[in-house]
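Survey of secondary and tertiary structure
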Amino acid sequence: MSYLENLAYPEPRYHGDKGEVNATFRPAGTPPDITSPGGSTHYLATHESTGGEFGLYRADLAPRSAGAKPHFHKAMSESFYILSGELALFNGEKWITGREGDFLYVPVGGLHAFKNESDEPTSMLMLFSPGAPREEYFERVAEMAQRGREELKDFRIRHDSYFVEDFEPGAEQEGTK
């Protein structure tokens, strides 16, 4: 294998000469940050803790959990890594079954969705890059869904989540019924 002479690394952002003690450790037994009948979410690395570089979350979905319908993001990519179980993943074109060890990368603007169609729980990592403050989204999306279509749409857009169903013809009229 040959290696390039002039590798294109990002510009340095740390300018010290000795390094710092600033790592963060989260033990495996840490309780989830959010729990609901459909599963739980662990905040492994947030927008705040990474300085906006990335966001990493572990989502554990109960059997037959709805997940997220088709949507895209304008400001961030999203990646999925299946830790256990099976997860139905929409790659913008078709639904595929992700299993332990499978990975799906969705670039900025890429349509995607996920749901647990199996009778077993599933666990996955979700990586957002760059990191966005997703915690409020995870914590309030169920509440916002109860408030009506337009309020939910506004909430989703504020959190860089553009759901296909929010922009279908007639979507505004349905929310007023």
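This report concerns the structure included in the present document. (Residues numbered from 1 in each chain as written. Predicted model: local features only at pLDDT ≥ 70, side-chain atom pairs only at ≥ 80, totals over all residues. Heavy atoms only, no water.)

A look at the packing of aromatic side chains
We count it as follows: Between the rings of Phe, Tyr and Trp (Trp by its six-membered ring), a pair exists once the centres lie within 6.5 Å; its type follows the angle of the planes, with under 30 degrees stacked, over 60 edge-to-face, and the other angles tilted. Strands are runs of DSSP state E lasting at least 2 residues, helices are runs of H or I lasting at least 4, and numbering of each runs from the N terminus. Exposed residues in this analysis have more than 50% of their type's maximum accessible area, buried residues have under 20%, and partly exposed residues fall in between, with area computed by a 1.4 Å probe over protein chains only.
Under the counting rule described, the total for this entry stands at eleven aromatic pairs. Ring geometry for Y57 and F128: centres 5.9 Å apart, planes at 70 degrees, overall edge-to-face. Residue Y57 is located in strand β3 (residues 55-61), and its partner F128 is located in strand β10 (residues 122-129); the two are separated by 71 residues in the primary sequence. A relative accessible area of 0% places Y57 in the buried class. By relative accessible area, F128 is classed as buried at 1%. Note on Y137 and F155: the rings are 5.6 Å apart at their centroids and 10 degrees apart in plane angle, and the pair reads as stacked. Taken together, the residues span a long stretch of sequence, with Y137 in helix α2 (residues 135-145) and F155 in helix α3 (residues 149-158) at a distance of 18 residues. There is no split in this pair, since Y137 and F155 are both buried.

Some points on the sheet that holds strand β2 (residues 39-45)
Operational definition: Two strands pair under a simple rule: DSSP has to find at least two bridges between them. Here the axes come from fitting lines to C-alpha atoms, over the contacting stretch only for helices, and the angles between their N-to-C directions go from 0 to 180 degrees.
Taken in spatial order, the six strands make up an open sheet running β1-β2-β3-β10-β5-β8, and their pairing is antiparallel. Of all the strands in the sheet, just β1 (34-36) and β8 (103-106) have a single pairing partner and so form its edges. Across this sheet, the average inter-strand angle for adjacent strands is 15 degrees, counted without regard to direction. As judged from the seven bridges shared by strand β5 (residues 77-84) and β10, these two strands associate in the antiparallel manner. In the strand pairing of β10, S84 is matched with S123.

Some words on α3
The line we're drawing: The arc under discussion is defined with respect to the helix axis, by the directions toward the C-beta atoms.
Among all positions of α3, only L152, K153, F155 and R156 are buried. Within α3, the buried residues cover an arc of 165 degrees as seen down the axis, which keeps them to one side. Where α3 terminates, the next one or two residues include D160, which has phi positive at roughly 55 degrees.

Notes on the sheet that holds strand β6 (residues 86-90)
Strands sit in the order β7-β6-β9-β4-β11 across an open sheet of five strands; the sheet is antiparallel. Looking at which strands have only one partner, the edges of the open sheet turn out to be β7 (95-99) and β11 (162-163). Direction of pairing for β6 relative to β7: antiparallel, over a ladder of five bridges. Following the sheet pairing, L89 is matched in β7 by I96.

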